[in-house]
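# A structural walkthrough
Take a look at the letters that make up each chain.
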Amino acid sequence: MPLPPPGPDSLVLVTGASSGIGAETARALAARGYPTLLVARREDALTDLAAELGRRTGLTSEVHAADLADDEARAGVRDLLHRDDRIVGLVNAAGFGVTGRVVDSDPEALDGLIRVNVLALHDLSVAAVDAFVRRSRSTGRPGAILNVSSITAFQPLPGVASYAASKAFVQSFSEAVHTELAGTGVTLTTLSPGLTRTGFADAAETDAFDRAPGFTVGEAADVAEAGVAAMAAGHRSVVPGLVNQLSAFSGRLTPRSVLLPVVHQAMDWFGGRG
Ligand SMILES: NC(=O)c1ccc[n+]([C@@H]2O[C@H](COP(=O)([O-])OP(=O)(O)OC[C@H]3O[C@@H](n4cnc5c(N)ncnc54)[C@H](OP(=O)(O)O)[C@@H]3O)[C@@H](O)[C@H]2O)c1
C-alpha cells in the first residue's frame, strides 16, 4: 500500500495549499484521516485552512509559509522532508501560468514560473524519493508522492509556451520516476487536470476560463478527489474527466505539423496570446 494507513504520524506535506487544487487536496486527505503540513506563501490562508480542517476532522494541521521560487525557502521545505519521519506523503500542487507570447512576456515572470512549476517540484520530489525510499528500506513503511501536471503537458501550446513546457517536464519526469520506483514501497502519481475553477485564471491574468464552454471547466474538489484516490492506490497517472482524457489523447497522438497551427488559432481565439 503506497500511503500508510492514516494516523497522527502519517503526515502529508501539501504545497500550493492556500488555494484551489492544493487546498482541496488537503481537504480530501483530511477527510481520509491524514494530518497535513500546509505550504504556500500566504500564511493567513494556510492558517485559516488548518483551523477549518481542525474543526471538521479534529486533526492538527501544520503551516509552513514559503516562497518556493526562493532558493533558501525551498531548501527549508526540502529539509522538512529529510528530517521529519512523520511525513509519509508529498503533494506538489504549487504552480501558476503566464499568459501571452514569450516575446510579450516579462522574463522575470517566466523565470518565476520555471522556478515554482519545475525547479521546486523537481527538488521536493527528489528529496521525498530519497527520504521515503530510505525509510521504506529500513522500516518497511511506504510513502507516496502526487505531482500536479496538466493536460497542457501533452502538446506544445503557443500562447502559454513556458507553462505547457513546464507541465511537459512534470509529466515526463514523474511518469519516469514512477517506473523507477517499482518494488520500493514508494509511488509517484501524476495528476493532469484540464481547466479547473480555482485562483489560477486570476494569477495567469486570463479570461479563457470565462470563454470556455461550461462543461469543459471542472471543480477543484473533484480534481483533488481523483488525485488523492490515485495517489492512495499508487497509480502512475490520472487525467480526471472524459473531455480532458480526449484532449490528452489527441495532444499526444496528433502530428505536430497538423496540431500546432490548429492550437495556435484556438489559443488566439481563447485569449491565450494576450
Ligand atoms: N486551474 C486549472 O485550470 C489547472 C489546470 C491544470 C493544472 N493546474 C495546476 O494545478 C496546480 C494548482 O493550481 P490551482 O489551479 O489550484 O491555482 P491556484 O488556486 O492559483 O493555486 C496555486 C497555488 O500555488 C501556490 N503558489 C504559487 N506560487 C508560489 C510560490 N512562489 N511559492 C509557493 N507557493 C506558490 C499558491 O499559493 P500562494 O499564492 O499563497 O503562494 C496557491 O496555493 C498548479 O500546479 C497548476 O498549474 C491548474
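About the thresholds
Residues numbered from 1 in each chain as written. Predicted model: local features only at pLDDT ≥ 70, side-chain atom pairs only at ≥ 80, totals over all residues. Heavy atoms only, no water. Near = heavy atom within 4 Å. Polar contact = N/O pair within 3.5 Å; in protein donor to acceptor, adjacent residues only side chain to side chain. Areas by Shrake-Rupley, 256 points an atom, 1.4 Å probe, with all protein chains shown as cover. Helix = DSSP H or I, 4+ residues; strand = E, 2+ residues; numbered from the N terminus. Buried < 20%, exposed > 50% of the residue type's maximum accessible area, 1.4 Å probe, protein only. Contact = heavy atoms within 4.5 Å. Phe/Tyr/Trp six-rings, centres within 6.5 Å; stacked < 30°, edge-to-face > 60°.

### Let's talk about the site of the ligand
As a structural note, the neighbourhood of the ligand is formed by 31 residues, with Ser 18, Ser 19, Arg 41, Tyr 163 and Thr 198 the closest of them. In the environment of the ligand, a nitrogen atom lies 2.8 Å from a nitrogen or oxygen atom belonging to the side chain of Asp 67. In this structure, Thr 196 approaches the ligand through a main-chain N or O atom, which is 2.8 Å from an oxygen atom. Within the complex, the protein chains bury 96% of what would otherwise be the 880 Å² of accessible surface of the ligand.

### What to know about unusual backbone geometry
Its identity as a non-glycine residue notwithstanding, Glu 205 has a phi of 50°, on the positive side. The residue Glu 205 is located in the loop between α6 (200–203) and α7 (208–211) in this model. By relative accessible area, Glu 205 is classed as exposed at 71%.

### So, the environment of Ile 87
As for its placement among the helices and strands, Ile 87 is situated in strand β4 (residues 87–92). Taking the C-alpha atoms as reference points, Ile 87 and Phe 132, 45 residues apart in sequence, are found 8.5 Å from one another. The residues touching Ile 87, leaving out its near neighbours within four places in the chain, are Leu 11, Leu 13, Leu 37, Leu 80, Leu 81, Phe 132 and Arg 135.

### As for the packing of aromatic side chains
Within the structure shown, the criterion is met by three aromatic pairs. Site record: aromatic cluster; members linked through ring pairs are Tyr 163, Phe 200 and Phe 209.

### Examining the environment of Val 39
Its location among the elements puts Val 39 in strand β2 (residues 36–40). Look at Val 39 and you get buried, because its relative accessible area is 0%. C-alpha separation for the pair Val 39 and Ser 61, spaced 22 residues apart in sequence, amounts to 11 Å. Ignoring any residue separated from it by four or fewer positions in sequence, one finds Val 39 in contact with Leu 13, Val 14, Thr 15, Gly 16, Ala 17, Leu 46, His 64, Ala 66 and Val 77.

Scope: geometric values only; no functional claims are made or implied.
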